[in-house]
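Now for the letters of each chain:
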Amino acid sequence: MLVLVAPGQGAQTPGFLTDWLALPGAADRVAAWSDAIGLDLAHFGTKADADEIRDTSVAQPLLVAAGLLSAAALGTHSSAVTAAGAPGAVAGHSVGEITAAVFAGVLDDAAALTLVRRRGLAMAAAAAVTETGMSALLGGDPEVSVAHLEKLGLTPANMNGAGQIVAAGTMEQLAALNEDKPEGVRKVVPLKVAGAFHTHHMAPAVDKLAEAAKALTPADPKVTYVSNKDGRTVAAGTEVLDRLVGQVANPVRWDLCMETFKELGVTAIIEVCPGGTLTGLAKRALPGVKTLALKTPADLDAARELVAEHTQA
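Residues numbered from 1 in each chain as written. Predicted model: local features only at pLDDT ≥ 70, side-chain atom pairs only at ≥ 80, totals over all residues. Heavy atoms only, no water.

Peer 1: Just to check I follow, could you spell out the overall build of the protein for this structure?
Peer 2: The helix and strand inventory of the protein stands at 13 helices and 10 strands. Taken over the C-alpha trace, the protein has a radius of gyration of 18 Å; the compact-globule value for 313 residues is 20 Å, and the two agree within 12%. Over its C-alpha atoms, taken along the principal directions, the protein stretches across nearly 50 × 45 × 35 Å. Across the 313 residues in the protein, those meeting the buried criterion constitute 56%. Considering only intrachain contacts with a sequence separation of at least 6, the fraction spanning at least 24 residues in the protein is 73%. Entry remark: accessible area of the protein is about 12500 Å², with carbon and sulfur atoms responsible for 52%. Of the charged side chains in the protein, 24 are positive and 33 negative; the average position of the first set lies 1 Å away from that of the second. (Helix = DSSP H or I, 4+ residues; strand = E, 2+ residues; numbered from the N terminus. Rg over C-alpha atoms; globule rule 2.2 N^0.38 Å. Buried < 20%, exposed > 50% of the residue type's maximum accessible area, 1.4 Å probe, protein only. Contact = heavy atoms within 4.5 Å. Areas by Shrake-Rupley, 256 points an atom, 1.4 Å probe, with all protein chains shown as cover. Lys, Arg positive; Asp, Glu negative; His and termini not counted. Charge placed at Lys NZ, Arg CZ, Asp CG, Glu CD.)

Pasting the structure below:
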């Protein structure tokens, strides 16, 4: 069984959209999306530097656009997928959940990009209230690390599994963490994000996102949708949308998503552009499962072979 996954914020790098825009029809599609949301996605995906695309209001729609573009090229986008190429399940990490909602047929491209644009702006505004950030803890015992983070006033915002927890809070709290790591943690790595996402610092964004969601009419998922709120599968489009709204201020449980993949019988995982983060976690947490990250169009042939091997008509 194939699981199609979409990465979250921090996966972006300067110029990562360049090669994808050279595919037939891709530039026109991205131009239409850019006009619809008032953001020049092509510019930010090709010419902008790391600081520019670190901006939450830019990074989030850029990541969703990249995921949709690469999935369409692969043939696993909801509008292009064939019965023989349909993934058995889809999921996304943080903002990648909006991308996954399109893969599942819950939202169309236009609705997803409109929602993520509002999400990015609302979360950027919430992040501007206090200087906050996120850092990944590599190694250590999860229970020990979580207790240590709480002692420092930090939130375990991402429980990623495979020995990785992401802490979020003020820059002062993160500096204290860097000086006082939990027992067993090998390294603390600052992330390329501009706020303490999935914490109480994002509470002001929830109401704004809920208002934006009122204008949308979600469909029920056509394939199994795994929510990173708790790793549960969600069968109703309205519940998917509700979870997308509330999730901005609640922890990501990617560890539980991977447990669900295992229970569903996953045999392969493809991570859409800019892939690498989630397949890296899967390699450590799901031994024996084949993984492939879509980084450039050069990865498409290998990805199509994996789709053919791990899906059924």
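Peer 1: When you look at the packing of helix H4 (residues 56-74) against helix H13 (residues 300-310) in this model, what are you seeing that I'm missing?
Peer 2: One can describe the packing of H4 onto H13 by two numbers: an axis separation of 10 Å at closest approach and a directional angle of 65°. Put simply, H4 runs roughly perpendicular to H13. Considering how the two elements wind past one another, H4 and H13 form a crossing that is right-handed. Side by side, H4 and H13 meet where Ser70, Ala73 and Leu74 of the first sit next to Leu300, Ala303, Arg304 and Val307 of the second. Split into classes, the residues belonging to the contact of H4 with H13 amount to five nonpolar, one polar and one charged. (Axes fitted to C-alpha atoms, helices over the stretch in contact; angles between N-to-C directions. Parallel < 35°, antiparallel > 145°, perpendicular 65-115°, else oblique. Left-handed = near helix turned anticlockwise from the far one by under 90°. Nonpolar A, V, L, I, M, F, W, Y, C, P; charged D, E, K, R; others polar.)

Peer 1: What should I look at first to understand the environment of Thr56 in this one?
Peer 2: Relative to the assigned elements, Thr56 resides in helix H4. Remark: the alpha-carbon pair of Thr56 and Leu174, spanning 118 residues in sequence, is separated by 19 Å. Thr56 has contacts with Gln9, Pro61, Gly120, Met123, Ala124, Ala194 and Phe197, leaving out every residue within four places of it along the chain. Side chain to side chain, Thr56 and Gln9 meet in a polar contact 3.4 Å long. (Polar contact = N/O pair within 3.5 Å; in protein donor to acceptor, adjacent residues only side chain to side chain.)

Peer 1: What's the story with the nonpolar core in this structure? I'm lost.
Peer 2: Across soluble globular proteins, nonpolar side chains show a tendency to be buried alongside one another. Core analysis: the biggest nonpolar cluster contains 79 residues, and Leu107, Leu115, Tyr225, Leu244 and Ile270 have the highest contact counts within it. When residues of this core are assigned to their parent elements, the largest contribution, 10 residues, is made by H4. If you look at the next biggest cluster of nonpolar residues, it comprises 17 residues, including Val5, Cys257, Met258 and Ala282. (Core = buried A, V, L, I, M, F, W, Y, C linked by side-chain atoms within 4.5 Å.)

Peer 1: How do you make sense of the sheet that holds strand E5 (residues 164-170) when you look at a structure like this?
Peer 2: Each strand in a sheet pairs with its neighbour through backbone hydrogen bonds, running either in the same direction (parallel) or in the opposite one (antiparallel). Reading across the sheet, the four strands line up as E4-E5-E3-E6 and stay open at both edges, with antiparallel pairing between neighbours. Every interior strand has two partners, whereas the edge strands, strand E4 (155-161) and strand E6 (185-190), have only one. Averaged over neighbouring strand pairs, the angle between their axes works out to 25° when direction is ignored. Sheet topology places strand E3 (residues 132-139) next to E6; five bridges connect them, and they run antiparallel. (Pairing = 2+ DSSP bridges.)

Peer 1: Just to check I follow, could you spell out helix H9 (residues 203-213) for this structure?
Peer 2: Note on helix geometry: an α-helix contains 3.6 residues per turn, so any two residues three or four positions apart are oriented the same way. Restricting attention to buried positions, one finds in H9 the residues Ala205, Leu209, Ala212 and Ala213. Within H9, the buried residues cover an arc of 95° as seen down the axis, which keeps them to one side. Tucked into the core, H9 has its buried residues touching helix H6 (109-127) and helix H10 (237-246). (Arc of directions from axis to C-beta.)

Peer 1: Looking at this structure, I do not really get the pattern of salt bridges. What am I missing?
Peer 2: In a structure, side chains of opposite charge can pair up when their charged atoms sit close to one another. In the structure shown here, the tally under the stated rule is eight salt bridges. Notably, a salt bridge pairs Asp255 with Arg253, separated by 2.8 Å at the nearest N-O pair. Look at Asp255 and you get buried, because its relative accessible area is 17%. When its relative accessible area of 26% is taken as the criterion, Arg253 is described as partly exposed. Note that Lys290 and Glu309 form a salt bridge whose closest N and O atoms lie 3.7 Å from each other. Highlighted residues: Lys290 in strand E10 (residues 290-293) and Glu309 in helix H13, separated in sequence by 19 residues. With a relative accessible area of 45%, Lys290 lands in the partly exposed category. What emerges from the salt-bridge pattern is a single network uniting Asp230, Arg232, Glu239 and Arg243. (Salt bridge = Lys/Arg side-chain N within 4 Å of Asp/Glu carboxyl O.)

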